[in-house]
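Structural overview
What follows is the residue order along each chain.
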Amino acid sequence: RAKGQGKNQFAFFEKAMDDVMRHKMMMEQSLREALDADELCLWYQPQIDMYSGKIRGFEALLRWNSKEYGLVMPLQFVRLAEETGLIIPIGYWVLKRACLFIKELHARGYSALTVSANISVAQLMQNDFVESLRQIVAASGINPAALGLEITESVLADSFDLIIGKLQAIRNLGISIHLDDFGTGYSSLTYLKKLPIDIVKIDKSFMDGMQEQTEKELTESIIEMAHRLGLKTVAEGVETEYQLAKLKQYQCDIIQGYFISKPVPEEQTYSLVEKLL
Ligand code: C2E
Ligand code: MG
Ligand code: MG
Ligand code: MG
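Note that this is a predicted model, so its numbers are computed, not measured.

About the thresholds
- Residues numbered from 1 in each chain as written.
- Chains lettered and ligands numbered in written order.
- Predicted model: local features only at pLDDT ≥ 70, side-chain atom pairs only at ≥ 80, totals over all residues.
- Heavy atoms only, no water.
- Donors = N, O, S within 2.8 Å, 3.2 Å for Na, K, Ca; no water.
- Helix = DSSP H or I, 4+ residues; strand = E, 2+ residues; numbered from the N terminus.
- Salt bridge = Lys/Arg side-chain N within 4 Å of Asp/Glu carboxyl O.
- Buried < 20%, exposed > 50% of the residue type's maximum accessible area, 1.4 Å probe, protein only.
- Phe/Tyr/Trp six-rings, centres within 6.5 Å; stacked < 30°, edge-to-face > 60°.
- Near = heavy atom within 4 Å.
- Polar contact = N/O pair within 3.5 Å; in protein donor to acceptor, adjacent residues only side chain to side chain.
- Areas by Shrake-Rupley, 256 points an atom, 1.4 Å probe, with all protein chains shown as cover.
- Nonpolar A, V, L, I, M, F, W, Y, C, P; charged D, E, K, R; others polar.

Things to note about the coordination of the magnesium ion (ligand 3)
Summarising the metal site, the magnesium ion (ligand 3) is bound by the protein donors D180 (OD), D181 (OD), E236 (OE) and E236 (OE), whose distances to it range over 2.1 to 2.3 Å. In terms of primary sequence, the donors binding the magnesium ion (ligand 3) are separated according to D-D-x54-E. Here the magnesium ion (ligand 3) and the magnesium ion (ligand 2) are spaced 3.9 Å apart, linked through D180, which binds each one. Taken together, the positions of D181 in strand β6 (residues 176-182) and E236 in strand β8 (residues 232-236) put the pair 55 residues apart, joining distant regions of the chain.

Now the structure itself:
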């Protein structure tokens, strides 16, 4: 290859890097303004109790309605929010919104419904996280038992004892802890025993593989083990009747997925509740 061409390629590469960086910086700037500009919102996906067949509550999922970028999904900006520390104010906003939503649901008479919100490890690691959470919940006036926090297994990668202590303190407030995306990390069933949690959310990848014998057996044993440990199980990403039937057979407690409903904006949740009650 000619020398000149290599140089060109390098220049091209450099420009591509520049573009990526510039895009990231612009997005970061927009994200910084998103909270004040009122561009963030929560959408809600129903969770169904397997036995009653009725709605149990919702998972709150963050959306960014950006002037520049349109509707942005969390996988496209939560990482950036984590890297820049913006996840801290955003995360508190999410918790406040979720509490307000619970308050509204209960005020409308749906007082048994729960809402779970996703939190990042960076939030949990804040020194005053538990105290701030306590204040947010107290200020909203809701029953803390109606709120759940979803944490992923990756939360547990470091500072295991510190995290355990915080999760315990959160549960002492009456708020429940849900272990999200279970089965994707280095999760082991023995180590599930050590965690102060209430609910295990079986990752969608198990639903995707549900036609396979191994996947079925794995799903069944996760549910069995969780039950033995006194935990409830949620299957996430349930898309088909077949998956639902299998989950019922394995006695999974709660299901969530497109088969029931996609996440919807708050104004649509109330008619959804009426339909699923
Ligand atoms: P997650 O907590 O595991 O949420 C489940 C994701 O699966 C959601 O994507 C949901 O819309 C999607 N989903 C649910 N049912 C189905 C289904 O049947 N089929 C398919 N294909 N997908 C389904 P979403 O809303 O894009 O969120 C992605 C991830 O972003 C979440 O995964 C969570 O880790 C993160 N996230 C969302 N909201 C927040 C937040 O407020 N704070 C933080 N820190 N992370 C959040
Ligand atoms: Mg979740
Ligand atoms: Mg999940
Ligand atoms: Mg997930």
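Thoughts on the pattern of salt bridges
Scanning the entire structure with this criterion turns up 14 salt bridges. Here D19 ties to K15 by a salt bridge, and the two come within 2.9 Å at their closest N and O atoms. Highlighted residues: D19 and K15, both in helix α1 (residues 3-34), separated by 4 residues, approximately one helical turn. Judged by relative accessible area, D19 falls into the partly exposed class, the value being 31%. When salt bridges that share partners are traced, they join E59, E150, K201 and E236 into one network.

Some remarks on the side chain of H178
In this structure, H178 sits in strand β6. Judged by relative accessible area, which is 4%, H178 ranks as buried.

What about the packing of aromatic side chains?
Each aromatic ring pair is specified by the distance between its two centres and by the angle formed by the two planes. All chains considered together, the criterion is met by 7 aromatic pairs. With centroids separated by 6.1 Å and ring planes inclined at 20°, the aromatic side chains of Y92 and F129 adopt a geometry described as stacked. With a gap of 37 residues between them, Y92 in helix α3 (residues 87-107) and F129 in helix α5 (residues 129-140) connect regions that are remote in the sequence. What links up through ring pairs into an aromatic cluster is the set Y44, F58, F101 and Y270.

Details of the site of ligand 1
As a structural note, the neighbourhood of ligand 1 is formed by 24 residues, with R63, S120, D180, E239 and Y258 the closest of them. At a separation of 3.0 Å, an oxygen atom of ligand 1 approaches a polar side-chain atom of D181. Note that a nitrogen atom of ligand 1 is positioned 2.5 Å from one of the side-chain N or O atoms of E239. Burial of ligand 1 by the surrounding chains reaches 84%, relative to a free accessible area of 800 Å². Among the elements of the structure, β2 (55-66), α2 (74-84), α3 and β6 are those that each provide at least two residues to the shell around ligand 1. Here the element with the most residues in the shell around ligand 1 is β2; it accounts for 4 residues. A breakdown of the residues in the shell around ligand 1 according to their chemical character gives 11 nonpolar, 5 polar and 8 charged.

So, to be careful, I would describe these as geometric facts and stop short of saying anything about function.
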